[in-house]
Amino acid sequence: MHPEAAAEIRIGLRCNRPRCPCQKPGPSGMTHCPAHEDEKPSLSVAARGNRVLLRCHAGCPQGAVVEAL
């Protein structure tokens, strides 16, 4: 994955609530985890070099997050 993919992931998982942290621009930040019902953004997306790092702070296994994406 390229760093642009991190931004695409975040854009694709944005909700429509104006003050939600998922609305912040850029490739890195918090968004909604697609692997579980996620009212408050719990998925950290970060671009590091030519990699995209994903971590659900609610505890979803990385494989489940990748599969849901």
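Since the model is a prediction, treat every value here as computed from it, not as a measurement. (Residues numbered from 1 in each chain as written. Predicted model: local features only at pLDDT ≥ 70, side-chain atom pairs only at ≥ 80, totals over all residues. Heavy atoms only, no water.)

1. Thoughts on the overall build of the protein
On a plain count of helices and strands, the protein comes out with 2 helices and 3 strands. Scanning the protein from its N terminus toward the C terminus, one meets helices and strands in the order α-β-β-β-α. Against the compact-globule benchmark of 11 Å for 69 residues, the protein has a radius of gyration of 11 Å, which places it among compact chains. In terms of its C-alpha atoms, the protein occupies a principal-axis envelope of roughly 30 × 25 × 15 Å. For the protein, buried positions account for 32% of its 69 residues. Here the contacts in the protein between residues at least 6 apart in sequence split such that 27% fall between residues at least 24 apart. Distance between charge centres in the protein, computed from 9 positive and 6 negative side chains, equals 11 Å. (Helix = DSSP H or I, 4+ residues; strand = E, 2+ residues; numbered from the N terminus. Rg over C-alpha atoms; globule rule 2.2 N^0.38 Å. Buried < 20%, exposed > 50% of the residue type's maximum accessible area, 1.4 Å probe, protein only. Contact = heavy atoms within 4.5 Å. Lys, Arg positive; Asp, Glu negative; His and termini not counted. Charge placed at Lys NZ, Arg CZ, Asp CG, Glu CD.)

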